[in-house]
Amino acid sequence: MAVVFSKERVGHEEVEKFYQFCKNSINTEVASYLEACVRCGICAEACLFYMGENVSGRIDPTLTPAYKADLLREIYKENYTLLGRLKKLFGFGLKIEPEDLKEQVRLAFYTCTNCDRCTKACPMGIDTPKLVSIVRGALTYAGLTPKDLADATNMSVEKGSPLGVDTQTFLQRIEFISEEYEVEIPVDKKPSEYLYILSSIELMKFPASVASAAKVLNRAEVNWTVSSLAHEATNFGVFAQSKEVTKEMLRRIVEGARELGIRYIIAPECGHAYQSVRFIAPNVFPEEWTFEVLNIVEFIDKMIKEGKLKINKKVLKERATLHDSCQIGRRGGVLREPRRIMNMVSEDFRDSVLIPEHNICCGGGGGVLVIGDADYYRQKAFISKMTLFDKAKAKTVVCYCANCMLALTKSSQELKRDYRFVSIVELVAEATGEE
Amino acid sequence: MSDVAFYDFVRGPFLKFALFVFFVGIAYRFFRVIFLGMPPDYAKPKGSPPFMALKKIIIKPTMGWTFNEIFSRRAINFIGGFLFHLGFLGLTFFVPAHALLWKEITGIPFPTLPNIVSDVLAYAALGSLIALTIHRALNPVLKLLTGKDEYFANLLIALIIFTGLLATRWAGGGSYIWLVSLHLFLANLLIIYIPFSRLSHFVYYFLSVGFMGWNAGKRGVSF
Ligand code: SF4
Ligand code: SF4
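Thresholds, definitions, all that
- Residues numbered from 1 in each chain as written.
- Chains lettered and ligands numbered in written order.
- Predicted model: local features only at pLDDT ≥ 70, side-chain atom pairs only at ≥ 80, totals over all residues.
- Heavy atoms only, no water.
- Helix = DSSP H or I, 4+ residues; strand = E, 2+ residues; numbered from the N terminus.
- Rg over C-alpha atoms; globule rule 2.2 N^0.38 Å.
- Buried < 20%, exposed > 50% of the residue type's maximum accessible area, 1.4 Å probe, protein only.
- Areas by Shrake-Rupley, 256 points an atom, 1.4 Å probe, with all protein chains shown as cover.
- Lys, Arg positive; Asp, Glu negative; His and termini not counted.
- Charge placed at Lys NZ, Arg CZ, Asp CG, Glu CD.
- Contact = heavy atoms within 4.5 Å.
- Near = heavy atom within 4 Å.
- Nonpolar A, V, L, I, M, F, W, Y, C, P; charged D, E, K, R; others polar.
- Salt bridge = Lys/Arg side-chain N within 4 Å of Asp/Glu carboxyl O.
- Pairing = 2+ DSSP bridges.
- Axes fitted to C-alpha atoms, helices over the stretch in contact; angles between N-to-C directions.
- Buried area = accessible area lost by both parts, 1.4 Å probe.
- Polar contact = N/O pair within 3.5 Å; in protein donor to acceptor, adjacent residues only side chain to side chain.
- Phe/Tyr/Trp six-rings, centres within 6.5 Å; stacked < 30°, edge-to-face > 60°.
- Expected span 1.5 Å × (residues − 1).
- Arc of directions from axis to C-beta.
- Patch = residues over 30% accessible without salt bridge, like charges linked within 9 Å, V, L, I, M, F, W, Y side chains within 5 Å.
- Core = buried A, V, L, I, M, F, W, Y, C linked by side-chain atoms within 4.5 Å.
- pLDDT = per-residue confidence, 0-100.

Asks: I would appreciate a short explanation of the overall build of chain A in the present structure.
Replies: Across its full length, chain A holds 21 helices and eight strands. The C-alpha atoms of chain A give 22 Å as radius of gyration, which agrees with the globular expectation for 435 residues (22 Å, within 12%). If one aligns the C-alpha atoms of chain A with their principal axes, the spans along those axes are about 75 × 50 × 35 Å. Looking at chain A residue by residue over its 435 residues, the buried ones come to 66%. On chain A, roughly 15,900 Å² of surface is accessible, and the fraction owed to carbon and sulfur atoms is 51%. If you average the places of the 58 positive and of the 59 negative side-chain charges in chain A, the two averages end up 5 Å apart.

Asks: Whenever I open this one, the overall build of chain B confuses me. Can you help?
Replies: Each helix and strand counted, chain B has 11 helices and zero strands in total. Overall, the C-alpha framework of chain B stretches about 65 × 40 × 35 Å when taken along its three principal axes. Residue pairs at least 24 apart in sequence account for 74% of intrachain contacts in chain B once pairs closer than 6 positions are excluded. A total of about 11,400 Å² of accessible surface is found on chain B, and carbon and sulfur atoms cover 77% of it. Averaging the locations of the 19 positively and 8 negatively charged side chains of chain B gives two centres separated by 14 Å.

Asks: Explanation requested: the site of ligand 2 in the structure shown.
Replies: All names here are of chain A. In the vicinity of ligand 2, the residues found are C47, L48, F49, P65, K68, C112, T113, N114, C115, D116, C118 and P129. Counting only elements with at least two residues in the shell around ligand 2, the list comes to helix 3 (48-55) and helix 4 (65-68). Its residues assigned to classes, the shell around ligand 2 shows eight nonpolar, two polar and two charged.

Asks: Honestly, the pattern of salt bridges in this entry has me stumped. Any pointers?
Replies: Side-chain pairs of opposite charge can arise whenever the charged atoms involved come near each other. Residue and element names in this part refer to chain B. Taken as a whole and judged by the stated rule, the model has 38 salt bridges over all chains. A salt bridge links E150 to R198; the shortest N-O distance between them is 2.6 Å. Of the two residues, E150 is situated in helix 9 (residues 148-170) and R198 in the loop between helix 10 (176-193) and helix 11 (201-219); the sequence distance between them amounts to 48 residues. By the burial criterion, E150 is buried, and R198 matches it.

Asks: Looking at this structure, I do not really get the sheet that holds strand 1 (residues 194-196) of chain A. What am I missing?
Replies: Strand pairing in a sheet takes place through backbone hydrogen bonds and is either antiparallel or parallel in direction. Residue and element names in this part refer to chain A. Taken in spatial order, the four strands make up an open sheet running 2-1-3-4, and their pairing is parallel. Of all the strands in the sheet, the pair left with one neighbour each is strand 2 (224-225) and strand 4 (292-295). The pairing of strand 3 (residues 264-267) with strand 4 spans four bridges and is parallel. Its bridge partner being in strand 4, I265 is matched across the sheet by V293. Running at roughly 160 degrees to strand 4, helix 16 (residues 271-284) makes contact with strand 3 and strand 4 of the sheet.

Asks: Where do I start with the interface of chain A and chain B in this structure?
Replies: Bring the parts together and some accessible area is lost; that lost area is often taken as the interface size. Facing 64 residues of chain A, the contacting portion of chain B comprises 51 residues. Three residues stand out in chain A for area buried against chain B, namely T28, R39 and K120 of chain A, and they jointly supply 14% of the buried area on that side. Linking chain A to chain B there are seven salt bridges. At the junction of chain A and chain B, the tally comes to 34 residue pairs in polar contact (both at pLDDT 80 or more). Counting residues per element, the ones that place at least two in the side of chain A that touches chain B are helix 2 (28-36), helix 3, helix 4, helix 5 (70-80), helix 6 (82-89), helix 8 (117-121) and helix 16 of chain A. Broken down by element, the side of chain A that touches chain B gets its largest block of residues, seven residues, from helix 2 of chain A.

Asks: Is there a simple way to explain the side chain of H272 of chain A in this structure?
Replies: Residue and element names in this part refer to chain A. Tracing the chain through its elements places H272 in helix 16. In terms of polar contacts, H272 uses its side chain to reach the backbone amide nitrogen of N235, at 2.8 Å. H272 has contacts with T234, N235, F236, V238, F239 and Q327, leaving out every residue within four places of it along the chain.

Asks: Hey, could you run me through the packing of aromatic side chains in this one?
Replies: Each aromatic ring pair is summarised here by two numbers: the centre-to-centre distance and the angle between the ring planes. Taken as a whole and judged by the stated rule, the model has 35 aromatic pairs over all chains. Ring centres of F21 of chain A and Y141 of chain A lie 5.6 Å apart, and the angle between their planes is 40 degrees; on these two criteria the pair is classed as tilted. On the criterion of sequence distance, the pair formed by F21 of chain A in helix 1 (residues 12-24) and Y141 of chain A in helix 9 (residues 128-141) is long-range, its members being 120 residues apart. Aromatic pair F93 of chain B and W102 of chain B: ring centres 5.8 Å apart, planes at 40 degrees, arrangement tilted. When its relative accessible area of 31% is taken as the criterion, F93 of chain B is described as partly exposed.

Asks: I would appreciate a short explanation of helix 11 (residues 167-180) of chain A in the present structure.
Replies: An α-helix turns once per 3.6 residues; consequently, residues spaced three or four apart project the same way. All names here are of chain A. Along its 14 residues, helix 11 runs 20 Å from first to last C-alpha, staying within 8% of the 20 Å computed at 1.5 Å per residue. For helix 11, every residue scored as buried is listed here: F170, R173, I174 and I177. Down the axis of helix 11, the buried side of the element spans an arc of 105 degrees, and every buried residue falls inside it. Among the exposed residues of helix 11, those pointing more than 90 degrees away from its buried face are Q168, E175 and E179. Of the residues one or two after helix 11, E182 is the one with positive phi, at around 50 degrees.

Asks: Looking at this model, I keep getting lost on the side chain of S128 of chain B. Mind explaining?
Replies: Looking at the secondary structure, you find S128 of chain B in helix 7 (residues 115-138). Sequence-distant contacts of S128 of chain B, defined by excluding residues within four places in its chain, comprise G80, L83 and F84 of chain B.

Asks: I keep staring at a negative patch on the surface and nothing clicks. Help me out?
Replies: All names here are of chain A. A surface patch of like charges, here negative, comprises E175, E179, E180 and E182. With respect to the element layout, E179 can be found in helix 11. The exposed category is assigned to E179, whose relative accessible area is 57%.

Asks: What exactly am I supposed to notice about the nonpolar core here?
Replies: The nonpolar side chains of soluble globular proteins are, as a tendency, buried together. Residue and element names in this part refer to chain A. One finds F18 and L139 to be the most contacted residues of the largest nonpolar core, which totals 135 residues. Ignoring any residue separated from it by four or fewer positions in sequence, one finds F18 in contact with L71, I75, L101, Q104, V135, A138, L139 and A142. With 77 residues, the next largest nonpolar core counts V210, A214, L260 and V428 among its residues.

Asks: What is the right way to read a nonpolar patch on the surface from this model?
Replies: A cluster of nonpolar side chains, namely L82, L83, L86, L89, F90 and F92 of chain A together with Y28 and F196 of chain B, defines an oily patch on the protein surface of about 910 Å² accessible area. Within the secondary structure, F92 of chain A is located in the loop between helix 6 and helix 7 (98-110). Residue classification places F92 of chain A among the exposed positions, given a relative accessible area of 62%.

Asks: Even after reading the chapter, I still don't get the confidence of the model for chain B, so can you show me in this structure?
Replies: Caution applies to low-pLDDT regions: their predicted coordinates should not be interpreted in detail. Residues and elements named next belong to chain B. On average, residues of chain B score 93 in pLDDT, and 97% of them are at 70 or above. Looking at the elements of chain B, mean pLDDT is at its lowest for helix 6 (residues 96-106), recorded as 89, and at its highest for helix 11, recorded as 97. Overall fold confidence (pTM) sits at 0.96, and the ipTM for the predicted complex is 0.95.

The structure is reproduced here in structure tokens:
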């Protein structure tokens, strides 16, 4: 049962659906952004995709953030502005060809990770990620989600996770981790105060991360559990911008958490998962969503401050820098916490940016990582990212998002670099161990 | 039409008409966007959205300057843009001749700039406008983003500053009144043109930067 589609052929019906979706997404905020753009192009220099191409000696002006919203802007104009409506009335309206939608797929799905860096550089404060999300939503509505992303999204609705982890696999995997790493992981413990929801990326690819989180939760002596129903924090509905999928994935979390009497939800090292439970869920379930949401990094910082967790040693000896997850950091407000932790666990921590909000995205966020056709752009984006690692003269890079780690590791291998990527939670687990 | 009659016309009824179009047009564009409405947001903010919205409105134009690498690649935009805005706004309101005019219209006395300062502002604005326009025409990103609107607006503004300079500094004597009238005529055109063009960005600035700040407050980020 597919929920989002990836049509091969694009016709006028798709164009019409795309158009209507864009038209219906306009509100005061969106219109303000569309109107305010002064076409200064400064945002291009902030976008890691544009920068990456530029460093490799090619200028691709279509990668400019402002340009990524231009079709949406035209649709807005001819429906909501006097001049635009007059133009349309006299037959000079927009003519969107099916080919144009393919270009929109490239712009919205392959070359934007919704990282929000352009917003910070833009003198008019234009939130391009918000505009790109609308374009994504319109493409998904028209059935034009990129194939790899559509498959993963449908898989998560069907099986419970984009990697195909169903409840049974989840339970087996938890059992394996808890034996392998000798850590207790309570499942469906009722009542519990804290619910730790992990992402299947960690579960399948970075089990040490899951074990470390469990160790930290145990050491902080909080009453916590994982849930067999609310076992997946990733929400590919957010990538595809499908309201339906977003809601379905969140429904599982609401039901799982309510059943266990949860008060705090701890989101894992996963950027968009944090976004979806912290900022989206309360609007999807205004009544039912009664939980407080903390990211695992926020949780650790809080426990250290309250004296419930004690860092005993600096476990990272070599020069290390920090990679920020855009959705947890710049767009989620968890930026000072990881830095405080880094200073405690690392002997030679060097930040690669002066202002944390300036950090550059991994290049694989927003679902770009799973889209095979976007590989070229992701690698280019990684070149921009590398400049920061090199500036900090660090080979060891600490991350707080498993998706970032996966993307960085992949790009780094593809470009034959020898960076080492480490999870911050793993460091904390080590540092809070015996002296 | 005699020179004096033309002068009286552009300074009197035509200017009034232009200002009328300006205010009605800008109000229409502003409220049209406001009335589109917003969905409610039930997510608990991490910081203070109203405070950040206000803060960003005040300091946002300087935020881009903190990105060193962006600044160095786009120094011309930042410095040129800054000088142009400073010059343009300074000239519009505080040049002695203008201040007098605004006082006549609004009844409020406007402070005036010394001549030397208004000269510097005028050359700075004109120079940066020319530099920005050339940059616009040559830079691949800007070429893609630019429409006729930008060039027309830049040309109009350049002509206004130029005729203003010409009238007060270089040409005097017999052609003075024609130059001032031309200057005023073009300025009226600009005032009428603003609501129909991207020059109206100054009203949307408060909205878009306000929203950006609001979101920053909601997310608990300080930048
Ligand atoms: S920086 Fe902002 S105002 Fe300038 S072109 Fe980009 S989106 Fe538009
Ligand atoms: S959000 Fe990030 S990736 Fe997307 S356009 Fe802006 S800077 Fe580029």
